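# Survey of secondary and tertiary structure
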Amino acid sequence: MKWAVGFARGAWDAGRVLCPRVAVVPQGRVLCPTIPGSLRSTVPDPVDRADPPDRGRNVANRDRIQRAGEPGPVSQSPIGPREPTRPCGSSGPRTQSKNRWCLFYMLVNEIPKDKIKYCIENLQTMFDPQVERDYKMMKQALSLYRNGAVFNAAVAGETISAVVQDSWGANNVSLELDFMEISFCSCLEKDDMFCVHKLATLFYVFSLFDSPGEFFNQWKEGFKYSATEKTPPIKKKPIFEEPKKKERTYQEDSLESWLTFFNEKYVQFSKKREARMSTYWNYQRNTNLAEDLYEAYYPALLDTAMPSSPVGENLFHYHAALSVFEKILESSADNYASSYSNHYTRKYLSEVLSDIADLALKVRKGFSKQTVADEKIINETPKRLMNILLMTRDFQYDRLYLFEISCANIILKKEKLEELKRKLLARGKKEEKLKELGKVNFSSECRLALAHLDFIVKKDKVAIKRLSDGPANEVYYYTTWFKSLAQNKVWDRFETWLSFIEKRMNEYIHLYGEQQLKRELTTFYLFFIKEYANEKGKEDIYINTLQTWLPYSYGDFCEYLLEQKEFRKWTELQLFAGITIDNIDKALLKEIEEQDRSCLLPLYHHAVEGAISEKSRDAYKQAVKYLRKLRTHYKSLKKEDIWNSYIGMLSVKYKRLRAFQEELRKGKGKLIND
């Protein structure tokens, strides 16, 4: 009689569970062990029908738990199956089944259930179902677990050990729940924190409390894992019970009181998070912090009684978002700055910035409905904005964008703008001295912030003169102003900035490095310059800019020439950029061929010379293919005399290349007759 394949499935035959033998390990307690696939044959240990098959998916697993060293079935020998032994005086199948269930519940109480679930939750951030390698690893690990490839599992304190059998052999696994980074597996995947064997072991132990299959399905669909255990029903509140009113624990007209409230909430958030993350490894704690600040700390700030006025409510929400922004910046400065963590932080900074922009606009729209308390909060806001602007060197664009969007929509009184400007000028002088001494400084932030204040009051020439003192790569931060003028069609101011930006871009594109950023900036500015040229009928300005900013304007230049049906200039651009005809879309070549095939001739001539210069048989064959295409074009253009002169000249020019001469005379469509 064959026993069931896979401990998790539990096979029933004529009302009896067919249980594999339980292997005994010298240390720890044995958790649901099974025998690897290559050794799966033994005499089954029958179990009475008293255990119904509807107890759950893991009934078969739980029946197989046994204390190490207790009398019972022996471990499987690699030589062959051995008969199970039963101690003298042992009771029948029904009593043994009950004993095994008692042992299961004793062992489950010793397993660190919360830590296992936290480890499972971590997998959702470490593995992405959209990444093919991650998806395959998770699926393979789940398959190993389901097929009973995990056996001899034992728990000792916070360490879980097991053996995982795959097609290459048995692998010893040791999971350290407190420090997953140092978990061990004897497989060859030494460089990865997780391998399929560690994952399979984690699924194996997790199956005692919840469904690995359900977790995999939720992960695959992009949902966050939620436990499937039953919880007691929530008692419904009486229909007529009035909800408790939230009390305001801060002063409505004091920004300092608001910030104290936000800090108290942050202390509470930190304590709860530390208790919840106590089982996480350090790297995971850090990378999750930005997400927790946005998903948990942010809503907690708003879970209170809001100010009485609509503008005050928006201001409170705005300053709460500023606090989240600050905390995310602080966390990024404290953590290890990897490309992954920076990307993760930037994601949530962008979310918060989007909220801040919307809230600042709402405050501006309600400007006429401000109360005295609202006005007091707004008057205290500039100081906070300046502190955030100069709090760190990281994420400079985000800090400047926050400053710009806030000043443009919240600080509307000229006297407040002038006061902020004086403070920035004084701070800027100090930062310039630090710069001269070679120390860390915020001179760039001060200069750009002052230029923005000039831009708000329409002093464009003053702003441009101020920016001229900075480096050329600051052109990256002019995008907000340029876009604003173009979208509002303020073309007279746009022209003032256009000449300055063209000059700065010419300097910037000749600097070393940052190729991708140069292409992105070129495309950004050209988009609005094209809009301006179309509105004002100044196409020559757009064309001149396209030519000046080559090669970074190559893509925009190509698109423009094709729109204008300027195929000859388009061909010249390909030759200038060194683009071979093999790298051009065939559909585009066909379209140009239908319009004016003569424009393609230079590309084929250039391709022929390039292939011949490689001086190999394969290259000569490719050159001949180009030549045959050229012959077709010349015949269609009725210029066979030019073709004959060209092929004759080419044959004479390369008469010493015997292999090339042979290719010219090969086949039915040979290019030269003997």
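Residues numbered from 1 in each chain as written. Predicted model: local features only at pLDDT ≥ 70, side-chain atom pairs only at ≥ 80, totals over all residues. Heavy atoms only, no water.

### A short note on the overall build of the protein
Looking only at helices and strands, the protein has 26 helices and seven strands in total. Within the protein, the fraction of its 674 residues that count as buried is 47%. Across the protein, every contact between residues at least 6 apart in sequence was considered, and the portion connecting residues at least 24 apart equals 69%. (Helix = DSSP H or I, 4+ residues; strand = E, 2+ residues; numbered from the N terminus. Buried < 20%, exposed > 50% of the residue type's maximum accessible area, 1.4 Å probe, protein only. Contact = heavy atoms within 4.5 Å.)

### Digging into helix α12 (residues 396-409)
For α12, which comprises 14 residues, the first-to-last C-alpha distance of 20 Å matches the rise-based estimate of 20 Å (1.5 Å per residue) to within 8%. In terms of residue burial, α12 counts as a mostly covered element, since 11 of its 14 residues are buried. For α12, every residue scored as buried is listed here: Q396, D398, R399, L400, L402, F403, E404, I405, S406, C407 and N409. (Expected span 1.5 Å × (residues − 1).)

### Quick look at the pattern of salt bridges
Taken as a whole and assessed by the stated rule, the structure comprises 29 salt bridges. Among the ionic pairs, E419 bridges to K423, the shortest N-O distance being 3.7 Å. Of this pair, E419 and K423 both sit in helix α13 (residues 414-436), four residues apart, which is roughly one turn of that helix. Overall, the relative accessible area of 39% leaves K423 in the partly exposed class. For D596, the salt bridge is made with R568, and the minimal N-O distance between the two is 3.9 Å. A residue pair is termed long-range when its members are at least 10 positions apart, and D596 in helix α22 (residues 586-596) and R568 in helix α21 (residues 567-577) qualify at 28 residues. For D596, a relative accessible area of 26% gives the class partly exposed. (Salt bridge = Lys/Arg side-chain N within 4 Å of Asp/Glu carboxyl O.)

### As for the packing of helix α24 (residues 617-636) against helix α25 (residues 640-653)
Between α24 and α25, the shortest axis-to-axis distance is 8 Å and the interhelical angle comes to 155°. With respect to their mutual orientation, α24 and α25 come out roughly antiparallel. Pair α24 / α25 crosses with right-handed handedness. Listed contacts from α25 to L627, L630, R631, Y634 and K635 of α24 are E640, I642, W643, Y646, I647 and L650. Residue classes in the contact of α24 with α25 are distributed as eight nonpolar, no polar and three charged. (Axes fitted to C-alpha atoms, helices over the stretch in contact; angles between N-to-C directions. Parallel < 35°, antiparallel > 145°, perpendicular 65-115°, else oblique. Left-handed = near helix turned anticlockwise from the far one by under 90°. Nonpolar A, V, L, I, M, F, W, Y, C, P; charged D, E, K, R; others polar.)

### Some thoughts on the layout of surface pockets
In this structure, the second largest pocket encloses a volume near 770 Å³. Around the second largest pocket, the lining is made up of 29 residues, and of these I405, A408, F455, T480 and S484 lie nearest the centre. For the lining of the second largest pocket, the secondary structure elements donating two or more residues are α10 (339-365), α12, α13, α14 (443-456) and α16 (479-487). A per-element tally of the lining of the second largest pocket places α16 first, with seven residues. A per-class count over the lining of the second largest pocket returns 16 nonpolar, seven polar and six charged. (1 Å grid on protein atoms, 1.4 Å probe; cavity = no way out; pocket = protein on both sides within 12 Å on 5 of 7 lines; lining within 4 Å. Points joined across faces, edges and corners; volume = space filled by probe spheres on them.)

### Overview of the nonpolar core
The nonpolar side chains of a soluble globular protein tend to be buried, and buried together. Residues W497, L627 and F660 are the most contacted members of the largest nonpolar core, which totals 130 residues. If you tally residues by element for this core, the top one is helix α9 (residues 310-334), at 11 residues. Those residues in contact with F660 that lie beyond four places of it in its chain are I612, Y620, A623, L627, L650 and Y654. Counting residues in each nonpolar core, the second largest holds 39 residues, with I120, V150, F194 and V205 among its members. (Core = buried A, V, L, I, M, F, W, Y, C linked by side-chain atoms within 4.5 Å.)

### Quick word on the side chain of S207
Tracing the backbone through its elements, the reader meets S207 in the loop between α5 (196-206) and α6 (212-220). A distance of 2.5 Å separates a polar side-chain atom of S207 from the backbone oxygen of Y204. (Polar contact = N/O pair within 3.5 Å; in protein donor to acceptor, adjacent residues only side chain to side chain.)

### Here's the deal with helix α4 (residues 132-146)
Under the 1.5 Å per step criterion, the end-to-end length of α4 is 21 Å for 15 residues, consistent within 8% with the ideal 21 Å. Residues of α4 that are buried: D134, M137, M138, A141, L142, L144 and Y145. Projected onto a plane normal to the axis of α4, the buried residues spread over an arc of 160° and lie on a single side. Exposed residues on α4 whose side chains face more than 90 degrees from its buried face are E132 and K136. In the stretch just after α4, G148 is the one whose phi turns positive, near 75°. (Arc of directions from axis to C-beta.)

### So, the confidence of the model for the protein
With 76% of its residues at a pLDDT of at least 70, the protein reaches an overall mean of 79. Low pLDDT, under 50, characterises residues 228-241; the predicted model gives this stretch seven contacts beyond four residues in sequence or across chains. (pLDDT = per-residue confidence, 0-100.)

### A short note on empty space enclosed by the protein
Scanning all chains against the criterion turns up two cavities of 30 Å³ or more. Space inside the second largest cavity adds up to approximately 80 Å³. Forming the boundary of the second largest cavity are F367, Q370, E375, I378, N379, I410, I411, L412, K413 and K416. It is helix α11 (residues 372-389) that contributes the most residues to the lining of the second largest cavity, three residues altogether. Partitioned by chemical class, the residues of the lining of the second largest cavity number five nonpolar, two polar and three charged.

### Concerning the side chain of H319
Checked against the element boundaries, H319 lands in helix α9. Judged by relative accessible area, which is 0%, H319 ranks as buried. For H319, the residues in contact, after removing those within four places along its chain, are L255, W258, F262, I377, T381 and R384.

### Notes on the packing of helix α17 (residues 491-508) against helix α18 (residues 515-536)
Running from amino to carboxyl end, α17 crosses α18 at an angle of 150°, the nearest separation of the two axes being 11 Å. By the angle class used here, α17 and α18 are roughly antiparallel. Read as a crossing pair, α17 and α18 show a hand that is left-handed. Here W491, F494, E495, L498, I501, M505 and Y508 of α17 lie close against α18, whose contacting residues are L517, K518, L521, T522, Y525, F528, I529, E531, Y532, E535 and K536. For the contact of α17 with α18, the class distribution of residues is 12 nonpolar, one polar and five charged.

### Remarks on the pairing of strand β6 (residues 169-176)
Across eight bridges, the pairing between strand β5 (residues 159-166) and β6 is antiparallel. Along β6, the bridge assignment pairs A162 with V173. The hairpin turn running from β5 into β6, its antiparallel successor, is two residues long. Looking at chain direction, β6 and strand β7 (residues 184-185) are connected through two bridges and run antiparallel. The partner of S174 across the bridge, within β7, is F184. (Pairing = 2+ DSSP bridges.)

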